[in-house]
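Letter by letter, the chains look like this.
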Amino acid sequence: MQATIFTQTNSEALSWFYSWGNILFLGIAIVLTLYVFLHSYFKEIPALAYKLLVILPIILIIPSLVFTLSPYENKVSMVDNITLFFVLGLLGGIIPIISSIAYAVYSSSAKKRNYCQIHNIYYEDDVCPVCAAYVEPPGPSPTKSTIIETIPKAKGYLIDRVTGKPHTLSNVVIIGRGSHSEGEGSKINIDDSYISRTHARIEFDGNRFKVSDSSSRSGTFVNDRKIKGWVTLEDGDVLKVGKTHLKFTQSK
């Protein structure tokens, strides 16, 4: 029946697309969409535009799939759109391929950027522009190790109130569950399903420790109060992340 339709419309050259081509393009688009979404998530790379460019074109393949799966009677009523459906389906398969290649190039260059573990920013130069203020001119260009050495050493601990396990704090600490990107400071991994992968951040400003929430699902609490922005920790404060309670102290 289908062969008859393509013969009647002089479009035999398109029959391959409606037999298996559109399904192949759909599969490729889905695989590339998963690649961009998962890679950007685990590498923590902002890629909203690329995500849209790989997932939205899938809609263009739908009309050709409807034509392929429709009974013969319905195919007859849509026969005038065979070429249009083919063009849309072709675009729906090609755009995700181009977009994923562009994302791969973008993500590769993004990983080469330098990351400042003190100020939580990416920069293109040899030295973080904010950290540069810690080094007094004149003199040779400062290195990242020189900059970090100018920050006083941190001394603080978070003690799990249930297990009693102590966690030593450094100048920059990420509290979360699972892995995190390199260069973000030390990590306190907590086995708590209510804790986000990157839940909270603690920094030492040279005198005091301060904590902020990292857009976690359940929020971060200090002494049972949900925090917004940065909050300075006092000795004896109780930090709540997920279902875990951590007592802050500067003496172990």
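Below or above, wherever it landed, is the structure these notes cover. Being a predicted model, the structure only gives us computed values, none of them experimental.

**Some words on the pattern of salt bridges**
Scanning the entire structure with this criterion turns up two salt bridges. Of the charged contacts in the structure, one is a salt bridge between Glu203 and Arg201, with a shortest N-O distance of 2.7 Å. Classification of Glu203 as buried rests on a relative accessible area of 12%. Here Arg201 falls in the buried class, since its relative accessible area comes to 5%. For Arg208, the salt bridge goes to Glu234, with nearest N and O atoms at 2.5 Å. Here Arg208 is found in the loop between β7 (200–204) and β8 (209–213), whereas its partner Glu234 is found in the loop between β11 (231–232) and β12 (238–241), with 26 residues between them in sequence. Looking at Arg208, the relative accessible area reads 28%, which means it is partly exposed. Residue classification places Glu234 among the partly exposed residues on the basis of a relative accessible area of 42%.

**Examining the pairing of strand β4 (residues 166–169)**
Sheet faces and side chains relate simply in a regular strand, where the side chains alternate between the two faces. Residues His167 and Leu169 point to one face of β4 and are all buried, whereas Pro166 and Thr168, pointing to the other face, are not buried. As paired strands, strand β3 (residues 156–160) and β4 are joined by four bridges and run antiparallel to one another. Residue pairing for β4: Tyr157 is matched across the bridge by Thr168. Connecting the antiparallel pair β3 and β4 is a turn made up of five residues, with Gly164 showing a positive phi of about 80°.

**Here's the deal with a nonpolar patch on the surface**
Residues Phe37, Leu48, Leu52, Ile55, Leu56, Ile59, Ile62 and Val66 make up a contiguous nonpolar surface patch of roughly 710 Å² in combined accessible area. Contributions of two or more residues to the nonpolar patch are made by α3 (48–55) and α4 (58–69). In this structure, Leu56 sits in the loop between α3 and α4.

**Section: the packing of aromatic side chains**
Here the structure, examined in full by the defined rule, presents 17 aromatic pairs. Seen in terms of ring centroids, Trp16 and Trp20 are 5.4 Å apart; in terms of plane orientation they differ by 50°. Their pairing is tilted. Within this pair, Trp16 and its partner Trp20 are both found in helix α2 (residues 15–42), separated by four residues, close to a single helical turn. Residue Trp20 is classed as partly exposed on the basis of its relative accessible area, which comes to 47%. Ring geometry for Phe204 and Phe209: centres 4.7 Å apart, planes at 45°, overall tilted. Judged by relative accessible area, Phe204 falls into the buried class, the value being 10%. Given a relative accessible area of 1%, Phe209 falls into the buried group. When the ring centre of Trp230 is taken as origin, the NZ or CZ atom of Lys210, which lies over that ring, is 5.0 Å away. Over the ring of Tyr194 we find Lys243, and its NZ or CZ is 5.0 Å from the ring centre.

**Quick notes on the nonpolar core**
Ranked by size, the top nonpolar core spans 19 residues in total, and within it Leu158, Leu169, Ile175, Ile202, Val211, Leu239 and Val241 carry the most contacts. Mapped by element, the contributors of at least two residues to this core are β5 (172–176), β7, β8, β12 and β13 (244–249). Ranked by residues supplied to this core, first place goes to β7 with three residues. Residues Leu14, Phe25, Ile61 and Phe85 belong to the second largest nonpolar core, which totals 13 residues.

**Here we look at the packing of α2 against α3**
Following both chains from N to C, one finds α2 and α3 inclined at 165°, their axes separated by 9 Å at the closest point. In terms of orientation, α2 and α3 fall into the roughly antiparallel class. The handedness of the crossing between α2 and α3 is left-handed. Contacts from Ala29, Thr33, Val36, Phe37 and Ser40 of α2 reach α3 at Tyr50, Lys51, Val54 and Ile55. Here the contact of α2 with α3 is built from residues that sort into six nonpolar, two polar and one charged.

**A short note on the sheet that holds β4**
Taken in spatial order, the six strands make up an open sheet running β4-β3-β13-β12-β9-β10, and their pairing is antiparallel. Lying at the two open borders of the sheet, with one neighbouring strand each, are β4 and β10 (225–226). As judged from the four bridges shared by β12 and β13, these two strands associate in the antiparallel manner. Pairing of Val241 across the sheet is with Thr244, part of β13.

So, how was this worked out
Residues numbered from 1 in each chain as written. Predicted model: local features only at pLDDT ≥ 70, side-chain atom pairs only at ≥ 80, totals over all residues. Heavy atoms only, no water. Salt bridge = Lys/Arg side-chain N within 4 Å of Asp/Glu carboxyl O. Buried < 20%, exposed > 50% of the residue type's maximum accessible area, 1.4 Å probe, protein only. Helix = DSSP H or I, 4+ residues; strand = E, 2+ residues; numbered from the N terminus. Pairing = 2+ DSSP bridges. Patch = residues over 30% accessible without salt bridge, like charges linked within 9 Å, V, L, I, M, F, W, Y side chains within 5 Å. Areas by Shrake-Rupley, 256 points an atom, 1.4 Å probe, with all protein chains shown as cover. Phe/Tyr/Trp six-rings, centres within 6.5 Å; stacked < 30°, edge-to-face > 60°. Lys NZ or Arg CZ within 6 Å of the ring centre and 35° of its normal. Core = buried A, V, L, I, M, F, W, Y, C linked by side-chain atoms within 4.5 Å. Axes fitted to C-alpha atoms, helices over the stretch in contact; angles between N-to-C directions. Parallel < 35°, antiparallel > 145°, perpendicular 65-115°, else oblique. Left-handed = near helix turned anticlockwise from the far one by under 90°. Contact = heavy atoms within 4.5 Å. Nonpolar A, V, L, I, M, F, W, Y, C, P; charged D, E, K, R; others polar.

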